[in-house]
Amino acid sequence: MRIATWNINSIKQRIDNLLSWLGERKPDVLCLQETKCTDDTFPREPIEALGYNVAVHGQKAYNGVAILSKLKFDEVTPRLPGDSDDDHARFLEAVVTINGGVLRIASLYLPNGNPPNSDKYSYKIKWMNRLFDYSCERLKLEEKLVLAGDYNVIPEPADARNPADWEGDALFLSQTREQFRRLLYLGLTDAVRASSDDPNLYTYWDYQAGAWQKNNGIRIDHLLLSPQAADRLTGVGIDRHVRSWERPSDHVPVWMDLDIEAR
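Residues numbered from 1 in each chain as written. Predicted model: local features only at pLDDT ≥ 70, side-chain atom pairs only at ≥ 80, totals over all residues. Heavy atoms only, no water.

Peer 1: I'm lost on the side chain of Asp239 in this one. Help?
Peer 2: As for its position among the elements, Asp239 is in the loop between β11 (233-238) and β12 (254-258). Using a relative accessible area of 5% as the deciding quantity, one classes Asp239 as buried. In this structure the side chain of Asp239 is engaged in a polar contact, spanning 3.2 Å, whose partner is the side chain of Trp255. Excluding its chain neighbours within four sequence positions, the residues that come into contact with Asp239 are Trp21, Arg25, Val252, Pro253 and Trp255. (Helix = DSSP H or I, 4+ residues; strand = E, 2+ residues; numbered from the N terminus. Buried < 20%, exposed > 50% of the residue type's maximum accessible area, 1.4 Å probe, protein only. Polar contact = N/O pair within 3.5 Å; in protein donor to acceptor, adjacent residues only side chain to side chain. Contact = heavy atoms within 4.5 Å.)

What follows is the structure in structure tokens.
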């Protein structure tokens, strides 16, 4: 089974790129972030025509997450637990049936947090604390679990072409990186780093200052796996070529293969 994540940065603007990539990579499940549209305006039809079931949790002009799946959804739950007043569309969980049990997948768009000396950073850390609590509870189920999305976290200096450029940025602050490590210490596995120590694995290049042309990238889109899912990991890829397409997102898809089958 192939599972992927992609911050699409406006699905209406990138629908042609999305359809082209789906035809090329053929994931069984795709988690999208920054769809930037309400549920009723999400362009379902061309995606469903490719055989995908579509679950969305949207918001006008901002945020928005979705899960596209070749498997039927058993459950779909929007919003990250822990704050009933948080109305940002940043989290969507789905459950599908596989041989031997279920696969639980979450598409998440973690807050950026800049500037660090603002309420935006406090919100980011609170959100990460909620994600930690959620992960603790879900890991108790001992299921195959995938937390896929744009974490807005540069985990280590090796995950940036020029780490010095990110000093003082909310994505690279020590507190941010420590929060990410807390997830790994729970027993979650970073799929990309489980497969490669290459320092040139980036998933995001800014639109400005020639970042793409200079390969001045960072790795902030991650696939985190429960032990039960990590045991089935057989391959990982970053489709950086998508960044060179016409009208690209500033992020590219990250995908992995798991040795599991639908029931």
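Peer 1: Can you help me understand helix α4 (residues 174-185) in this one?
Peer 2: A turn of α-helix holds 3.6 residues, and therefore any two residues three or four places apart point the same way. Look at α4: 16 Å from first C-alpha to last across 12 residues, which is about the 16 Å you get at 1.5 Å a residue. Buried within α4 we find Thr176, Arg177, Gln179, Phe180 and Leu183. Along the long axis of α4, the arc covered by the buried residues comes to 155°, so they all point the same way. Within α4, the exposed residues directed more than 90 degrees away from the buried face are Ser174 and Tyr185. The inward-facing, buried residues of α4 contact α3 (119-139), β9 (189-190) and β10 (221-225). Backbone geometry just downstream of α4 places Gly187 in the positive-phi region, at approximately 120°. (Expected span 1.5 Å × (residues − 1). Arc of directions from axis to C-beta.)

Peer 1: Looking at this structure, how should I read the side chain of Gln33?
Peer 2: The topology assignment puts Gln33 in strand β2 (residues 29-33). A relative accessible area of 0% places Gln33 in the buried class. In terms of polar contacts, Gln33 uses its side chain to reach the side chain of Thr5, at 3.0 Å.

Peer 1: Would you mind going over the pattern of salt bridges with me for this structure?
Peer 2: For side chains of opposite charge, pairing can occur when their charged atoms come near one another. A complete count under the given rule lists 15 salt bridges for this structure. Here Arg177 and Glu156 are joined by a salt bridge, their closest N and O atoms 3.5 Å apart. With Arg177 in helix α4 and Glu156 in the loop between β8 (144-150) and α4, the pair connects residues that are 21 residues apart, well separated along the chain. By sharing partners, the salt bridges in this structure join Glu93, Arg104, Arg138 and Glu143 into a single network. (Salt bridge = Lys/Arg side-chain N within 4 Å of Asp/Glu carboxyl O.)

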